[in-house]
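# Secondary and tertiary structure notes
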Amino acid sequence: MGKRMVKKSRGLWLWGCIIVCFALLFGKHISRAKESEQIASYLERMENILSWERTSLQLGKEDDLFLYEFLEEAGETDTDWYAFSIGRSGYQSDYGAYLAVLEDILTTEYNKNPNFTERKVTDLQRLTLTVGALGGDVHSFGKEQIDLLGHASYLLTRMQLEEQGFNAVIWALITMNAFDTQVPKTAKVDTTWLLERILKQQNTDGSFSLDKGNEGDVDVTAMAIQAMAPFYKQSKNASGRKTYKKIENSVDQALHWLSEVQLSDGGFESWDTENVESSCQVLLALCSLNRNAATEKDFTKNGNTLMDAIFSYQNADGGFSHEKGSESSDGMAGQQVYEALAAFVRLEEGKRTLFDLREESAGKDENPYQLENIPSIFKDGEHVKVHYTVTKEEIKQIEELPETVTSEEYTKVLVMLEHLEHAENRKAYKKYEKKLLEKQKKIQRIKEKISLANELMMKYFYPVSNEKIKEHKKEWKQVKKIYQELGAYDQKQIIAYETIEKKESVSGSPIWYIGLCAGGIFLLGIMVVTVKKFNTSVENEN
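What you see is a predicted model, and the numbers here were worked out from it, not measured in a lab. (Residues numbered from 1 in each chain as written. Predicted model: local features only at pLDDT ≥ 70, side-chain atom pairs only at ≥ 80, totals over all residues. Heavy atoms only, no water.)

We now examine the overall build of the protein. Helices and strands together make up the secondary structure of the protein, namely 22 helices and 4 strands. Across the 542 residues of the protein, 47% fall into the buried class. If you take every contact in the protein between residues at least 6 apart in sequence, the share linking residues at least 24 apart comes to 67%. Here the protein has roughly 29700 Å² of accessible surface; of this, 53% comes from carbon and sulfur atoms. (Helix = DSSP H or I, 4+ residues; strand = E, 2+ residues; numbered from the N terminus. Buried < 20%, exposed > 50% of the residue type's maximum accessible area, 1.4 Å probe, protein only. Contact = heavy atoms within 4.5 Å. Areas by Shrake-Rupley, 256 points an atom, 1.4 Å probe, with all protein chains shown as cover.)

The next thing to look at is the packing of helix H3 (residues 77-89) against helix H5 (residues 121-133). It is at 8 Å that the axes of H3 and H5 come closest, and there the two elements cross at 30°. As the angle between them shows, H3 and H5 are arranged roughly parallel. Every pair of crossing elements has a handedness; the one defined by H3 and H5 is left-handed. Contacts from Thr77, Asp80, Trp81, Ala83, Phe84, Gly87 and Arg88 of H3 reach H5 at Arg126, Leu127, Leu129, Thr130 and Ala133. Across the contact of H3 with H5, the residue classes tally to 6 nonpolar, 3 polar and 3 charged. (Axes fitted to C-alpha atoms, helices over the stretch in contact; angles between N-to-C directions. Parallel < 35°, antiparallel > 145°, perpendicular 65-115°, else oblique. Left-handed = near helix turned anticlockwise from the far one by under 90°. Nonpolar A, V, L, I, M, F, W, Y, C, P; charged D, E, K, R; others polar.)

Bringing the confidence of the model for the protein into the picture now. Do not read the predicted coordinates in detail wherever pLDDT is low. Residue-level pLDDT values for the protein average 82, and 79% of them are 70 or greater. Counting contacts from residues 22-33, a segment whose pLDDT is below 50, to residues more than four positions away or on other chains yields 2 contacts. Here residues 362-386 scores under 50 on pLDDT; set against residues more than four positions off or in separate chains, the count is 51 contacts. (pLDDT = per-residue confidence, 0-100.)

A word on helix H14 (residues 331-348). Side chains three or four residues apart in an α-helix point the same way, a direct result of the helix having 3.6 residues per turn. For H14, with 18 residues, the first-to-last C-alpha span of 26 Å sits near the 26 Å given by 1.5 Å per residue. For H14, the tally of buried residues reaches 16 of 18 residues, placing the bulk of the element in the interior. Between a side-chain oxygen at the N-terminus of H14 and the backbone nitrogen of Met332 the separation is 3.1 Å; the capping residue is Asp330. In the stretch just after H14, Gly350 is the one whose phi turns positive, near 75°. (Expected span 1.5 Å × (residues − 1). Polar contact = N/O pair within 3.5 Å; in protein donor to acceptor, adjacent residues only side chain to side chain.)

Summed over the entire model, instances satisfying the criterion amount to 18 salt bridges. A salt bridge links Asp123 to Arg119; the shortest N-O distance between them is 3.4 Å. The pair Asp123 / Arg119 is uniform in exposure class, with both members buried. When the shortest N-O distance is used, the salt bridge between Glu433 and Lys430 registers 3.9 Å. On the criterion of helical spacing, the pair formed by Glu433 and Lys430 is a turn pair, its members being 3 residues apart in helix H17 (residues 430-461). Overall, the relative accessible area of 6% leaves Glu433 in the buried class. One network of salt bridges, in which partners are shared, links Asp80, Glu109, Arg119, Asp123 and Arg126. (Salt bridge = Lys/Arg side-chain N within 4 Å of Asp/Glu carboxyl O.)

The subject of this paragraph is the nonpolar core. Core analysis: the largest hydrophobic core is formed by 127 residues, its most contacted members being Phe66 and Leu161. Among the elements that make up this core, the one with the highest residue count is helix H10 (residues 218-232) (11 residues). Excluding its chain neighbours within four sequence positions, the residues that come into contact with Phe66 are Leu71, Ala83, Ile86, Ser93, Asp94, Tyr95, Tyr98 and Leu134. One finds Ile450, Ile482, Ile494 and Ala496 within the second-largest nonpolar core, a separate group that totals 15 residues. (Core = buried A, V, L, I, M, F, W, Y, C linked by side-chain atoms within 4.5 Å.)

Looking now at the side chain of Gln201. Here Gln201 is to be found in helix H9 (residues 191-201). If sequence neighbours within four positions are ignored, Gln201 has contacts with Phe166, Phe208, Ser209, Leu210, Asp211 and Lys212.

Below, the discussion takes up a negative patch on the surface. Among the surface-exposed residues, Glu62, Asp63, Glu69, Glu72, Glu73, Glu76 and Glu408 lie close enough to one another that they form a single negatively charged patch. Note on placement: Glu72 falls in the loop between helix H2 (68-71) and H3. By relative accessible area, which is 40% here, Glu72 ends up partly exposed. (Patch = residues over 30% accessible without salt bridge, like charges linked within 9 Å, V, L, I, M, F, W, Y side chains within 5 Å. Lys, Arg positive; Asp, Glu negative; His and termini not counted. Charge placed at Lys NZ, Arg CZ, Asp CG, Glu CD.)

Our next topic: the packing of helix H4 (residues 95-112) against H5. It is at 10 Å that the axes of H4 and H5 come closest, and there the two elements cross at 145°. Helix-helix and strand crossings are classified by hand; for H4 and H5 the assignment is left-handed. Contacts from Tyr98, Leu99, Leu102 and Leu106 in H4 reach Leu127, Thr130 and Val131 in H5. Each residue belonging to the contact of H4 with H5 can be placed in one class, and the counts come to 6 nonpolar, 1 polar and no charged.

Moving on to unusual backbone geometry. Here the residue pair Tyr462 and Pro463 is connected by a cis peptide bond, since its omega of -10° sits within 30 degrees of zero. Looking at where Pro463 falls in the secondary structure, it is placed in the loop between H17 and helix H18 (466-471). Residues other than glycine seldom take positive phi values, yet Trp271 does so here, at roughly 55°. For Trp271, the location among the structural elements is in the loop between strand S1 (269-270) and strand S2 (273-274). Of note in this structure, Asn290 is not a glycine but carries a positive phi near 60°. For Asn290, a relative accessible area of 33% puts it in the partly exposed group.

Tallied over the entire structure, the rule returns 18 aromatic pairs. Geometrically, the ring pair formed by Phe461 and Trp476 is edge-to-face, given 5.1 Å between the ring centres and 75° between the ring planes. Highlighted residues: Phe461 in helix H17 and Trp476 in helix H19 (residues 473-485), separated in sequence by 15 residues. Judged by relative accessible area, which is 5%, Trp476 ranks as buried. Three or more aromatic residues joined by ring pairs make a cluster, and in this case those are Phe66, Phe70, Tyr82, Tyr95, Tyr98 and Tyr338. We note Arg45 situated over the ring of Phe311; from NZ or CZ to the ring centre the distance is 3.8 Å. Over the ring of Phe299 we find Lys301; its NZ or CZ atom is 6.0 Å from the centre of that ring. (Phe/Tyr/Trp six-rings, centres within 6.5 Å; stacked < 30°, edge-to-face > 60°. Lys NZ or Arg CZ within 6 Å of the ring centre and 35° of its normal.)

Below you can see the structure in the form of structure tokens.
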């Protein structure tokens, strides 16, 4: 009897183990299936955002987004962040074309001003991250081998960062830590200083604002967390380092403040307005800490998650509105949602965080961030290699370029040239490359003229008045000369061109025309006198 009970209990134990194993095995499969479905739904929303963007640019549904209409805005804030997010999401597009336009913009500026002193620091930080996300070399970008990363972070002085404000400090740290960076020992801005500067900015309630002591701002607090996130992950493994402990406490306090100010629908507001962009920044902050916003209890209010709040802004056209309830989709809102979802999908897929642009590897945390310098992953002379084949359709487009080009064709010429230079069948179309280079030079001269005219307009005449024109006759004559040399499209690229046009129509009238007008007035005067004399003689006769 006892033996039977033992056998029976062993059998039950065995069956129990089998059931548990099956539950664990199939449970994992079910869990993975759900995760896969969730990722697919997020990717679909991201595709809908890009579809809306294509429609707003009047592109076809199947068109590459990085076409001329989109590339015309390369170098601008919203467009660059779109490009950055697309690169980080792995969405297939013509990255080389975008890089070619950015290279031209930055090379032109660099040749005039090697230190980029006329650029906002945050512009350079955004451009550096965009170039990196699209596969460009941020240490040696373009033919001029521009050290973009240096100009955006460690080559700056502390004063340069402080002059633009706290935002520049945050993004200097994010940009510097996006890459494996060898910071020079002589650098006045390094990781340690940036971290200490951010820590000093925190308010007593845990929030951050652009000016310390002001009411906490959701966006700024979320961005500060993103900047400190890489070091927060290491804080528990570096208990002896006081700076790390400070970071851990700072991030925890900031997260607590964000949780406290989260709205009942799961969303956030900034400047007393509930908006999707603020919610996206919080999502980016959570993803930077490898925290899942869809399941975070601290960021779920009344059953509403942060993800629920963000998706409530999506409209029927696939785009997202800035404010809840608005049926008008907004470009910036769509861009920030796409960026935040790209970060979330990367988290779900076990990839590096959005602003960690180091190469992916099986053990993504094998090389943790440290406060010391880290060697660069870029080798000397290493550049992005693009494999491309020029099509007959593109050759037809080159042939159809007008003989007299304007700045309107510049982006098109740049992209065509980029494709030809990296084409595997380049030799077969050498003559077209030469033709494009000639047109590029012509358009560059036109752009230089427009740039000079705009510099003069801003320095001496804007807003335009007769007094300013009289005071600076020589400069006004120079602006007019440039204006006359340009075609109709390029004339409109000059600041206040309508005013130049009006002044031109009066002061620029030919001598023969003025003489004709004067002669007409003289003849009219004679006719009036003659008629008066005739009427007087008739009256006398009567």
